[in-house]
Amino acid sequence: MGAGVMKKAGGGGRRRRGGKGKHAVMAEINVTPMVDVMLVLLIIFMVAAPMMTVGVPLELPKTAAKAVPTEQEEPLAVSLQLDGTISLMNETVPEAELIDRLKAISSERDSDKVFLRADGGIPYSRVVEVMGALNAGGFANIILVTDPGGPTLTGGSVKTGAPAKTGN
């Protein structure tokens, strides 16, 4: 793993193994183990990264909005499912306990940012109710999570540029 110096066999009638010059420098570093370890780590991270997202299945609405920049602290995610169930990260929370839990969490966090994931089929009034609870719990910076590629105000789609389909 390091470079070494091989000396020429000296007098005294003894014969030593070695190179043919006075001092032959052996400068070979074997990088194969390091590459193997890096490839294994790459595979582990590629498999684990999709599992690190919040695991509540939702049909998010599509929009033309740009992505929000990431932060150092893991974002708090609140999910509102089609059946009305509210989840705080991966844990289902009863409505009566939501504000108390949010207050406890906000006292421990540096950021007042929360990601609200709501199923596209939920009425807007219900989403606004949950946003009010988030605000009452100490989170003033509420980010609505959507899927990219939705329709734009001009009637086109972000992905294709084609007009959005309306009607049947």
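Data block above holds the structure.
Here the structure is a predicted model, which is why all the values come from computation and not from measurement. (Residues numbered from 1 in each chain as written. Predicted model: local features only at pLDDT ≥ 70, side-chain atom pairs only at ≥ 80, totals over all residues. Heavy atoms only, no water.)

### Concerning helix α3 (residues 124-136)
- An ideal rise of 1.5 Å per residue puts 18 Å on 13 residues; α3 measures up with 18 Å between its terminal C-alpha atoms.
- If you follow the buried residues of α3, they end up packed against β4 (76-80), β5 (86-88), α2 (95-108), β7 (113-118) and β8 (141-145).
- Directly beyond the C-terminal end of α3, a positive phi value near 105° is found at G138. (Helix = DSSP H or I, 4+ residues; strand = E, 2+ residues; numbered from the N terminus. Expected span 1.5 Å × (residues − 1). Contact = heavy atoms within 4.5 Å.)

### Overview of the sheet that holds strand β6 (residues 91-93)
- Ordered in space as β6-β5-β4-β7-β8, the five strands form an open sheet in which the pairing is mixed. Two strands bound the open sheet, and with one partner strand each, they are β6 and β8. Neighbouring strand axes in the sheet, compared pairwise and without regard to direction, differ in orientation by 30° on average.
- Here β4 runs beside β5; their pairing, made up of three bridges, is antiparallel. (Pairing = 2+ DSSP bridges. Axes fitted to C-alpha atoms, helices over the stretch in contact; angles between N-to-C directions.)

### Topic: the pattern of salt bridges
- Summed over the entire model, instances satisfying the criterion amount to four salt bridges.
- R101 is the salt-bridge partner of E91, the closest N and O atoms lying 2.8 Å from each other. Highlighted residues: E91 in strand β6 and R101 in helix α2, separated in sequence by ten residues.
- A salt bridge links E95 to R126; its shortest N-O distance comes to 3.1 Å. Highlighted residues: E95 in helix α2 and R126 in helix α3, separated in sequence by 31 residues.
- With relative accessibility at 54%, the residue E95 sits in the exposed group.
- With relative accessibility at 16%, the residue R126 sits in the buried group. (Salt bridge = Lys/Arg side-chain N within 4 Å of Asp/Glu carboxyl O. Buried < 20%, exposed > 50% of the residue type's maximum accessible area, 1.4 Å probe, protein only.)

### With respect to unusual backbone geometry
- Phi is positive for M89, which is not a glycine, with a value near 60°.
- Residue placement: M89 occurs in the loop between β5 and β6.

### Brief notes about the side chain of S79
- Looking at the secondary structure, you find S79 in strand β4.
- There is a polar contact of 3.2 Å between the side chain of S79 and the side chain of R117. (Polar contact = N/O pair within 3.5 Å; in protein donor to acceptor, adjacent residues only side chain to side chain.)

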